[in-house]
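Descriptive analysis of the structure
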Amino acid sequence: MNETDMGADLEKVLIAKADIDAKLQELAAEIDRDYAGRDLLIVGVLKGAVMVMADLARALSSNVTMDWMAVSSYGAGTKSSGVVRILKDLDTDIAGRHVLIVEDIIDSGLTLSWLISNLGSRGPASLEVCTLLRKPEAAKVRIDVKYTGFDIPNEFVVGYGLDYSEKYRNLPFVGTLAPHVYGG
Ligand code: 5GP
């Protein structure tokens, strides 16, 4: 599906694929610089961060290792439950490692705060965060996000890994859904 053939479910494109690509190149260059000479482990948060991880990892010129964690914070709807559960833990022992968490989006920041304290307690040499998208609410919580792609308005977005009831993850851009999709 492309931007001119969005289908009736989409309201608008918020961030075009070319802008995502360019931003990930920028972030990768920063990460390459910051971690020069160090072994970096990038940790993707499933399922939303799959696209960001894949494209960011390929934009990096340093040799990184990759691992995945799956946590649940949202149900099938659009509201954060505040409860985080580990559905899949890391395969890697991160003690003494330089770890970069890669996120798709930070909204309330609840998921990320929890993740930072969970991974932080495992004794990494360093722990930083990279997110493609950040909503205004995220600015209210005390999370130090070192690499941010785009600050977006407080709208529910889909695409580029982000879903609504498990759909729309494979859109190559970030967009919003038409009200009728939510039953409006
Ligand atoms: P937080 O805990 O920061 O409120 O939310 C984190 C998780 O909620 C994200 O990893 C994502 O799965 C989901 N989420 C938050 N905002 C959105 C959104 O606008 N669209 C979608 N599809 N998921 C979102």
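Placed above this text is the structure.
Residues numbered from 1 in each chain as written. Predicted model: local features only at pLDDT ≥ 70, side-chain atom pairs only at ≥ 80, totals over all residues. Heavy atoms only, no water.

So, about the packing of aromatic side chains. Within this structure, the stated rule accounts for 3 aromatic pairs. Centre to centre, the rings of Phe 156 and Tyr 182 are 6.3 Å apart; their planes meet at 80°, and the pair counts as edge-to-face. Residue Phe 156 is found in the loop between strand 7 (147-151) and strand 8 (157-158), and its partner Tyr 182 is found in the segment after strand 9 (174-177); the two are separated by 26 residues along the sequence. These aromatic residues form a ring-pair network of at least three members: Phe 156, Tyr 164 and Tyr 182. The residue whose ring lies beneath Lys 23 is Phe 150, and the NZ or CZ to ring-centre distance is 5.2 Å. (Phe/Tyr/Trp six-rings, centres within 6.5 Å; stacked < 30°, edge-to-face > 60°. Helix = DSSP H or I, 4+ residues; strand = E, 2+ residues; numbered from the N terminus. Lys NZ or Arg CZ within 6 Å of the ring centre and 35° of its normal.)

Once that is clear, we can look at helix 2 (residues 50-59). One turn of an α-helix holds 3.6 residues; hence residues three or four places apart share an orientation. Of all the positions in helix 2, only Val 52, Met 53, Leu 56, Ala 57 and Ala 59 are classed as buried. Taken end-on, helix 2 shows its buried residues confined to a sector of 160°, consistent with a single buried face. (Buried < 20%, exposed > 50% of the residue type's maximum accessible area, 1.4 Å probe, protein only. Arc of directions from axis to C-beta.)

As a further point, take the pairing of strand 2 (residues 40-46). Burial of strand 2 is extensive: 6 of the 7 residues sit out of reach of the surface. Sheet topology places strand 2 next to strand 5 (residues 98-106); 5 bridges connect them, and they run parallel. Opposite Leu 40, over in strand 5, you have His 98 as the bridge partner. (Pairing = 2+ DSSP bridges.)

With respect to spatial proximity, 18 residues lie near the ligand, and among them Ser 108, Gly 109, Thr 111, Val 157 and Asp 163 are the closest. At 2.9 Å, a backbone N or O of Asp 107 approaches an oxygen atom of the ligand. Within the backbone of Leu 110, an N or O atom sits 3.4 Å from an oxygen atom of the ligand. In isolation the ligand exposes 510 Å². Once the protein is present, 92% of that is buried. Elements with a contribution of two residues or more to the shell around the ligand: strand 3 (65-74), strand 5 and helix 3 (110-120). (Near = heavy atom within 4 Å. Polar contact = N/O pair within 3.5 Å; in protein donor to acceptor, adjacent residues only side chain to side chain. Areas by Shrake-Rupley, 256 points an atom, 1.4 Å probe, with all protein chains shown as cover.)

The next subject is the sheet that holds strand 9. Strand order in this open sheet of 3 strands is 1-9-8, and the pairing throughout is antiparallel. Edge positions in the sheet fall to strand 1 (10-15) and strand 8, since each has one partner strand and no second. Of the pairings in the sheet, the one linking strand 1 to strand 9 comprises 4 bridges and is antiparallel in character. Paired with Lys 12 across the strands is Thr 176, a residue of strand 9.

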